[in-house]
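Chains, contacts and geometry: an overview
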Amino acid sequence: MSFSKAVDLLRLARMASNFGGVSLAEIEAEFGCVRRTAQRMTQALEQVFPDTEDHVDGEGVKRWRVPRRRVGEFFAPQADEVAALELAFSTLEREGLTREAGQLRNLRNTIDLLMPDKRRAGLEADEEALLEAMGHAARPGPQPASDPQVDAAIAEALKGPFVLRLRYRGRRDEAAKERWIEPYGLLLGARRYLVGRDRNREDGHMRHFRVEDIEQAEVTADWFAREDGFDFDAYANRAFGVFQDEREFGEVVWRFTPAAAPHAARYRFHPAQTSETGVDGSVTVRFMACGWLEMCWHLYAWGDQVEVLAPQALADMVRDHRRSDFPGLP
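Residues numbered from 1 in each chain as written. Predicted model: local features only at pLDDT ≥ 70, side-chain atom pairs only at ≥ 80, totals over all residues. Heavy atoms only, no water.

**With respect to the sheet that holds strand E7 (residues 206–210)**
The cut-off we apply is this: For two strands to be treated as a pair, DSSP must find no fewer than two bridges joining them. Secondary structure elements are taken from DSSP: a helix is a run of H or I of four residues or more, a strand is a run of E of two residues or more, and numbering for both begins at the N terminus. Every angle, taken between N-to-C directions, lies between 0 and 180 degrees, and every axis is a line fitted to C-alpha atoms, over only the stretch in contact when it is a helix.
In spatial order, the strands read E7-E6-E5-E4-E8; together these 5 strands make up an open sheet with antiparallel pairing. For this open sheet the edge positions go to E7 and strand E8 (214–223), each flanked by a neighbour on one side alone. In this sheet, neighbouring strand axes are inclined to one another by 45° on average, regardless of whether the strands run parallel or antiparallel. Taken together, the 6 bridges between strand E4 (residues 162–168) and E8 define a ladder with antiparallel strand orientation. Bridged to Leu166 within E8 is Ala217.

**Comments concerning the packing of aromatic side chains**
To keep it simple, the criterion reads: Pairing of aromatic rings covers Phe, Tyr and Trp, the last counted by its six-membered ring, and requires centre-to-centre distances within 6.5 Å; plane angles under 30 degrees mean stacked, over 60 mean edge-to-face, and any other angle means tilted. Relative accessible area decides the class of each residue, using a 1.4 Å probe on protein chains only: under 20% of the type maximum gives buried, over 50% gives exposed, and in between gives partly exposed.
For the structure shown, the criterion picks out 16 aromatic pairs. Taken together, a centroid distance of 5.6 Å and an interplanar angle of 80° make the contact between Trp254 and Phe269 edge-to-face. Taken together, the residues Trp254 in strand E9 (residues 250–256) and Phe269 in the loop between helix H10 (261–264) and strand E10 (274–277) connect sequence positions 15 residues apart. The pair Trp254 / Phe269 is uniform in exposure class, with both members buried. Centroid distance Tyr300 to Phe326: 5.4 Å. Interplanar angle 75°. Geometry classified as edge-to-face. Linking Tyr300 in helix H11 (residues 292–300) with Phe326 in the segment after helix H12 (312–318), this pair joins segments that are 26 residues apart in sequence.

**Observations concerning helix H3 (residues 35–48)**
What counts here: To estimate how far a helix should reach, multiply one less than its number of residues by 1.5 Å. The arc under discussion is defined with respect to the helix axis, by the directions toward the C-beta atoms.
Taking 1.5 Å of rise per residue, the 14 residues of H3 would be expected to cover 20 Å, and the 20 Å separating its terminal C-alpha atoms lies within 8% of that figure. Where H3 is concerned, the buried positions are Ala38, Met41, Thr42 and Leu45. The buried side chains of H3 occupy one side of the element, clustering within an arc of 100° when seen end-on.

**With respect to the nonpolar core**
To keep things clear, this is the line we draw: In plain words, nonpolar cores are sets of buried Ala, Val, Leu, Ile, Met, Phe, Trp, Tyr and Cys residues tied together by side-chain atoms within 4.5 Å. Two residues form a contact once any of their heavy atoms are found within 4.5 Å.
Core analysis: the biggest nonpolar cluster contains 22 residues, and Trp254, Phe256, Phe269, Phe287, Met295, Leu299 and Leu314 have the highest contact counts within it. If sequence neighbours within four positions are ignored, Leu299 has contacts with Trp254, Val306, Val308, Leu314 and Val318. One finds Ala16, Phe31, Cys33 and Leu45 within the second-largest nonpolar core, a separate group that totals 17 residues.

**Quick word on the sheet that holds E10**
Strand order across the open sheet formed by 4 strands is E10-E11-E9-E12, with antiparallel pairing between neighbours. Of all the strands in the sheet, just E10 and strand E12 (306–310) have a single pairing partner and so form its edges. Geometrically, the sheet is characterised by an average inter-axis angle of 20° between neighbouring strands, direction not taken into account. Two elements, E9 and strand E11 (residues 283–289), share 7 bridges in a ladder whose sense is antiparallel. Paired with Val252 across the strands is Phe287, a residue of E11. Along the sheet, H11 contacts E9, E11 and E12; its crossing angle with E9, the most-contacted strand, is approximately 5°.

**Some words on unusual backbone geometry**
Put simply, Gly160 and Pro161 share a cis peptide bond, and its omega is -5°. Within the element layout of this structure, Pro161 appears in the loop between helix H8 (148–159) and E4. Ala310 connects to Pro311 through a cis peptide bond whose omega is 0°. Within the element layout of this structure, Pro311 appears in the loop between E12 and H12.

**Let's talk about the side chain of Glu248**
With respect to the secondary-structure elements, Glu248 resides in the loop between helix H9 (232–236) and E9. With residues near it in sequence (within four places) discarded, Glu248 still touches Ala289, Cys290, Gly291 and Trp292.

**A word on the pairing of E9**
Among the 7 residues in E9, 5 count as buried, and that is most of the element. Pairing of E9 with E12 involves 4 bridges; the strand directions are antiparallel. Note on E12: the bridge partner recorded for Arg255 is Glu307.

**Some details on the pattern of salt bridges**
We count it as follows: For salt bridges, the criterion is a side-chain nitrogen of Lys or Arg within 4 Å of an Asp or Glu carboxyl oxygen.
Inspection of the entire model under this criterion finds 24 salt bridges. A salt bridge links Arg207 to Asp203; its shortest N-O distance comes to 2.9 Å. In this structure Asp203 comes out as partly exposed when scored by relative accessible area, which is 38%. Where Asp316 meets Arg319, a salt bridge forms, and the shortest distance between an N and an O atom there is 2.9 Å. Looking at Asp316, the relative accessible area reads 40%, which means it is partly exposed. Taken together, the salt bridges that share partners define one network made up of Asp173, Lys177, Arg179 and Asp198.

**Description of the confidence of the model for the protein**
The following threshold applies: Across the chain, each position has a pLDDT score giving the predictor's confidence in that residue, from 0 to 100.
The pLDDT averaged across the protein works out to 85; a share of 87% of its residues lies at or above 70. Within the protein, no element has a lower average pLDDT than helix H7 (residues 117–133), which sits at 58, and none a higher one than E9, at 97.

Next up, the structure:
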């Protein structure tokens, strides 16, 4: 057996070790092969792993499954995988998601416990080298404050989903007020926002609550049904950042100068953006969103190297703040 075929067989064994096993159609999709090749691969799987089981599932599809204990020793984590896990832990912690960071840390510790002793020393050395090389990946600058009790309550309520009872101080409030919120998700940015419906408001609109301004959060036993068809990603993408105002929603068009175009071309300003290059080398970016103030904050960093073509109200906001003396671009 060639080296490449041996690697493919191990990949197949890993696929077949999940609870439901693997089907011929899944093998074809994973390896880009035809049915006959997929059949030969299952035959090789049965030869190398004699206790491979085959069965027909509830939909009449034949599946192959290898007991997990037979393949586990072949798939100890690699140094770059463990380093990525460590980096993800650090990122979550810096973003203020302490509960999720703790869960990821527990997963990391579980991996250590399950790893063969003979592989652990070398893996730790490689991981340390990778993390040192990736040190630049840590995000500097101000970070949102976090309260572990509040974070834990939000996470628990989102899983239910259960109504949250908050003590929340809005920008115009002299003191925190009690709110009963049906939580839908979290928006992460320079600040973290809890998105949900306020039961004391009859309009049914989604509202954003700054997590650091939640003084107390308690998960109630009141379960609620989320709105059918609500797409949180689609909702989040309606804004440039985290702030939403339906009155501002519409087409946004920015044109970057030829000098800034190569830099702007490497930016993703919005998940649904389109861009085109002009004959003069400039780049024009278009997307649909709201949140003009957050756009202003970002556009300021580009100085006079970007022009707002639409909407006119946004162009008016930034016109008097375009500078030509910035030594670099974002």
